[in-house]
Amino acid sequence: MELKLNELNDGDHHSDELFQEILKDIMAGLRKKMVQPVLEENKKLASSLEQFREEDRAAIRELLQRLEALENKIQQVPLVILAALRDAINQSGGGSKDAQ
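Residues numbered from 1 in each chain as written. Predicted model: local features only at pLDDT ≥ 70, side-chain atom pairs only at ≥ 80, totals over all residues. Heavy atoms only, no water.

Engineer: What should I look at first to understand the overall build of the chain in this one?
Structural biologist: Counting its secondary structure elements, the chain contains two helices and zero strands. For the chain, the proportion of its 100 residues judged to be buried stands at 3%. Total accessible area on the chain is roughly 9400 Å²; 58% of this is exposed by carbon and sulfur atoms. (Helix = DSSP H or I, 4+ residues; strand = E, 2+ residues; numbered from the N terminus. Buried < 20%, exposed > 50% of the residue type's maximum accessible area, 1.4 Å probe, protein only. Areas by Shrake-Rupley, 256 points an atom, 1.4 Å probe, with all protein chains shown as cover.)

Engineer: Teacher, can you tell me more about the pattern of salt bridges here?
Structural biologist: Pairs can form between side chains of opposite charge once their charged atoms are near each other. By the definition in use, this model includes five salt bridges. Taking the shortest distance from any N to any O, the salt bridge between Arg-57 and Glu-50 comes out at 3.5 Å. Take Glu-50: its relative accessible area is 37%, and that puts it in the partly exposed class. In this structure, Arg-86 engages Asp-87 in a salt bridge whose closest nitrogen and oxygen atoms are separated by 3.4 Å. Overall, the relative accessible area of 36% leaves Asp-87 in the partly exposed class. The network of salt bridges with shared partners includes Glu-50, Arg-53, Glu-54, Arg-57 and Arg-61. (Salt bridge = Lys/Arg side-chain N within 4 Å of Asp/Glu carboxyl O.)

Engineer: What is the right way to look at helix α2 (residues 12-92) in this model?
Structural biologist: Along an α-helix, residues three or four positions apart point the same way, because every turn accommodates 3.6 residues. Between its first and last C-alpha, α2 extends 115 Å over 81 residues, near the 120 Å set by a 1.5 Å rise per residue. The principal kink in α2, of about 40°, is found at Arg-31. Buried within α2 are the following residues: Ser-15, Leu-18 and Ile-22. A positive phi of about 80° marks Gly-93, the residue just after α2. (Expected span 1.5 Å × (residues − 1). Bend = angle between axes of the 7 residues up to and from the residue.)

What follows is the structure in structure tokens.
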């Protein structure tokens with residue numbers, strides 16, 4: 001670094017180039033040490049988040065299928081109850097003579 005500092009006194013054009021080189025080194029170091037790890041962690045988090053979203057979508061699809069099956073069974077309940085009542089009445093002999 002001392003060599004580069006000594007070169008600053010050699011000329012304006014040369015010192016401008018040296019400043020640019022030092023700034024490039026600083027920016028590259030910042031990117032490598034600070035920015036790149038954050039970007040990599042963001043990618044990991046985004047991947048995990050997408051996986052969680054997909055799992056949630058699958059769980060929601062399963063719940064909707066189960067809800068639909070439950071709705072179908074609930075719609076059948078009145079018919080089952082009426083058929084059971086009819087069968088119970090017929091077995092007890094309480095039906096009217098006209099129905100036989």
